[in-house]
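# Working through the structure, step by step
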Amino acid sequence: MYTGRFAPSPTGPLHFGSLIAAVASYCEAKSHQGNWLVRMEDLDKPREIPGAATTILQQLEKFGFEWDGAILYQSQRVEAYAAALDQLKQNNLVYPCTCTRKEIADSTSSLGIEGLIYPGTCLRQPLKQQSTLAWRIKTPDRVITFHDAIQGDISQNLQHDIGDFILKRADGLFAYQLAVIVDDAEQGITHVVRGADLLNSTPRQIFLQQTLHYPIPTYAHVPVAANAAGEKLSKQTLAQPIHIKNCADLLFHALQFLGQNPPESLQSEAKHIIWQWAFANWQLHKVPAIKSKSA
Ligand SMILES: [Zn+2]
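Overview of the structure.

## Observations concerning the overall build of the chain
If you tally the helices and strands in the chain, you get eleven helices and twelve strands. For the chain, the C-alpha radius of gyration of 20 Å lies close to 19 Å, the compact-globule estimate for 295 residues. Expressed as lengths along the three principal axes of its C-alpha atoms, the size of the chain is roughly 70 × 40 × 35 Å. In the chain, buried positions account for 49% of the 295 residues. The long-range share in the chain, meaning contacts at least 24 apart out of those at least 6 apart in sequence, stands at 75%. Split by element, the accessible area of the chain, about 14,300 Å² in all, is 51% carbon and sulfur. Within the chain, one finds 26 positive and 27 negative side-chain charges whose respective centroids are separated by 5 Å.

See the structure below:
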C-alpha cells in the first residue's frame, strides 16, 4: 500500500514553502489511492515554538487536508531512537565523541557539502573525561546512489562528502537523520515526497536504512520555493505565515508552483473544487527539478 507522509517541524506556522511539500505529498498519495500520514517532528524542543504544532494541524484542516491514522510525535519516540542507536553500538558502527565545535574547527580544514568533515579525532584518541558525549556513525568510503523521482540520480560518498555524522548530540537530543528513518520504518512509509532542502540528507538516511536493515522508500524532492529557478517568490511571501482566508488561492498557487498548470478558471473556485482537480490531474513528472549544489 502506498504510504506517504508530511512531517513538519513545529518551529512556526505553515508557510508557503511547507505548504508546497504538504500539497505535493498529499496529491501524490491520493493519486495512488494511498495513505497520507502526518508526523510532527518536534524532537528539537529548544527550537520549538509553543503552540506551533497545534497551529499547523489547524492550518492543514482548514486547507482540507485529511490525514490517515494518528499523528506521530517524535518527542514521544525517544525510546525507539535509543533502541536503534543501541543496535548500532552493539555492531560497533558508532563511536562516542567529546569534541566541541571549536576543537573540530581547529583540527581540520577539510570541507564537505555541509561544512567541516569531522576528522575522526575521537576514534584515534582516548576520550576526554566528561559526562556529555555525542555519538557519531562511521561513514563508509563508498558511493551511495539513489534515483530521485524528480531530481534524477543522486550520488554521495558519505566519508568524503559528509564525514562521520552525529546520531545523538551531546545535549542528549537524537539527530534528525536517525529519528526520521526510525519513524519512516515504524510508519511503513513507502514514498517520501518532501522539499529539496533535504536532498543532501537522503544518502545519509539510505545508509542508515541499509545499516539497520530497514526498507528504503522511494524519494521525490520537490523544489523549495526560495530556490526554484525562475520562480522567485518575494521574501515577504515566504516569510509570512499563510493566511487561512486565502486557502483556495494559495492552493492554486502551490499547484502552479509544482508545475501542474491548473487552468486559470480554477483560480476563483472553492478549495474543494481545486482539490478535486488536483487529485484527478496530479502528475509527479510535471514537477520541475532544481539544480542541487552538490549532486
Ligand atoms: Zn570527537
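## Focus on the nonpolar core
Residues Val 23, Leu 60 and Phe 65 are the most contacted members of the largest nonpolar core, which totals 45 residues. The set of elements that each furnish at least two residues to this core consists of helix H1 (16–31), strand S2 (35–40), helix H2 (52–63), strand S12 (218–222), helix H10 (247–257) and helix H11 (271–281). Those residues within four positions of Val 23 in sequence are excluded, and the remaining contacts are Phe 65, Leu 251, Ala 254, Leu 255, Leu 258 and Trp 275. In terms of nonpolar packing, the next biggest core, distinct from the first, is built from 30 residues, Leu 37, Ile 144, Ile 206 and Phe 207 among them.

## Re the coordination of the zinc ion
Taken together, the protein donors to the zinc ion comprise Cys 97 (SG), Cys 99 (SG), Tyr 118 (OH) and Cys 122 (SG), at separations of 1.9 to 2.3 Å. Around the zinc ion, the four donor atoms sit at angles spanning 100 to 121°, and that spread fits a shape best called tetrahedral. When the donors of the zinc ion are listed by position in the chain, the intervening gaps give C-x1-C-x18-Y-x3-C.

## Overview of the pattern of salt bridges
Enumeration over the complete set of coordinates arrives at eleven salt bridges. The salt bridge involving Lys 89 is made with Asp 86; its shortest N-O contact spans 3.9 Å. Taken as a pair, Lys 89 and Asp 86 lie in helix H3 (residues 78–90) at a separation of three residues, close to a single helical turn. Overall, the relative accessible area of 36% leaves Asp 86 in the partly exposed class. Put simply, Asp 171 and Arg 169 hold a salt bridge, and the shortest N to O gap is 2.7 Å. Salt bridges sharing common partners tie together Arg 5, Arg 39, Glu 41 and Asp 184.

## A closer look at unusual backbone geometry
Within the chain, Gln 33 stands out as a residue other than glycine whose phi angle is a positive 50°. Mapped onto the elements, Gln 33 comes out in the loop between H1 and S2. A residue is classified by how much of its surface remains accessible, and Gln 33, at 63% relative accessible area, is exposed. The residue His 213 is not glycine, and still its phi comes out positive at about 60°. Relative to the assigned elements, His 213 resides in the loop between helix H8 (202–211) and S12. Residue class for His 213 comes out exposed when judged on its relative accessible area of 69%.

## Examining the packing of H10 against H11
Contact pair H10 / H11: the axes reach a minimum separation of 9 Å and the direction vectors enclose 20°. Viewed along their axes, H10 and H11 adopt a mutual orientation that is roughly parallel. Relative to H11, H10 is oriented so that their crossing is left-handed. Of the residues in H11, those in contact with Cys 247, Ala 248, Leu 251, Phe 252 and Leu 255 of H10 are Lys 271, Ile 274, Trp 275, Trp 277 and Ala 278.

## A few points about the sheet that holds strand S10 (residues 166–168)
Here we have three strands laid out as an open sheet, ordered S4-S7-S10, and antiparallel in their pairing. Each edge of the open sheet is held by one strand with a lone partner, namely strand S4 (94–97) and S10. Neighbour-to-neighbour, the strand axes of the sheet open up by a mean angle of 40°, direction not taken into account.

## Digging into the packing of aromatic side chains
Following the criterion strictly, the structure yields 13 aromatic pairs and no others. Between the aromatic rings of Trp 36 and Phe 65, the centroid separation amounts to 5.3 Å while the plane-to-plane angle is 20°, which identifies the pairing as stacked. In this pair, Trp 36 sits in strand S2 while Phe 65 sits in the loop between H2 and strand S3 (72–73), placing the two residues 29 residues apart along the sequence. For the pair formed by Trp 36 and Phe 65, the shared burial category is buried. Ring geometry for Phe 65 against Trp 275: centres 5.0 Å apart, planes inclined by 70°, an arrangement best described as edge-to-face. Of this pair, Phe 65 sits in the loop between H2 and S3 while Trp 275 is found in helix H11, placing the two residues 210 residues apart along the sequence. Residue class for Phe 65 comes out buried when judged on its relative accessible area of 3%. Within the aromatic cluster, the residues linked to one another by ring pairs are Phe 6, Tyr 26, Trp 36, Phe 63, Phe 65, Trp 275 and Phe 279. Positioned over the ring face of Trp 135 is Lys 89, at 4.3 Å from the centre of the ring. A cation over an aromatic ring shows up here: Arg 136 above the ring of Tyr 118, its NZ or CZ 3.7 Å from the ring centre.

Definitions and cut-offs
Residues numbered from 1 in each chain as written. Predicted model: local features only at pLDDT ≥ 70, side-chain atom pairs only at ≥ 80, totals over all residues. Heavy atoms only, no water. Helix = DSSP H or I, 4+ residues; strand = E, 2+ residues; numbered from the N terminus. Rg over C-alpha atoms; globule rule 2.2 N^0.38 Å. Buried < 20%, exposed > 50% of the residue type's maximum accessible area, 1.4 Å probe, protein only. Contact = heavy atoms within 4.5 Å. Areas by Shrake-Rupley, 256 points an atom, 1.4 Å probe, with all protein chains shown as cover. Lys, Arg positive; Asp, Glu negative; His and termini not counted. Charge placed at Lys NZ, Arg CZ, Asp CG, Glu CD. Core = buried A, V, L, I, M, F, W, Y, C linked by side-chain atoms within 4.5 Å. Donors = N, O, S within 2.8 Å, 3.2 Å for Na, K, Ca; no water. Tetrahedral: all angles 85-135°; square planar, octahedral: opposite > 155°, others 65-115°. Salt bridge = Lys/Arg side-chain N within 4 Å of Asp/Glu carboxyl O. Axes fitted to C-alpha atoms, helices over the stretch in contact; angles between N-to-C directions. Parallel < 35°, antiparallel > 145°, perpendicular 65-115°, else oblique. Left-handed = near helix turned anticlockwise from the far one by under 90°. Pairing = 2+ DSSP bridges. Phe/Tyr/Trp six-rings, centres within 6.5 Å; stacked < 30°, edge-to-face > 60°. Lys NZ or Arg CZ within 6 Å of the ring centre and 35° of its normal.

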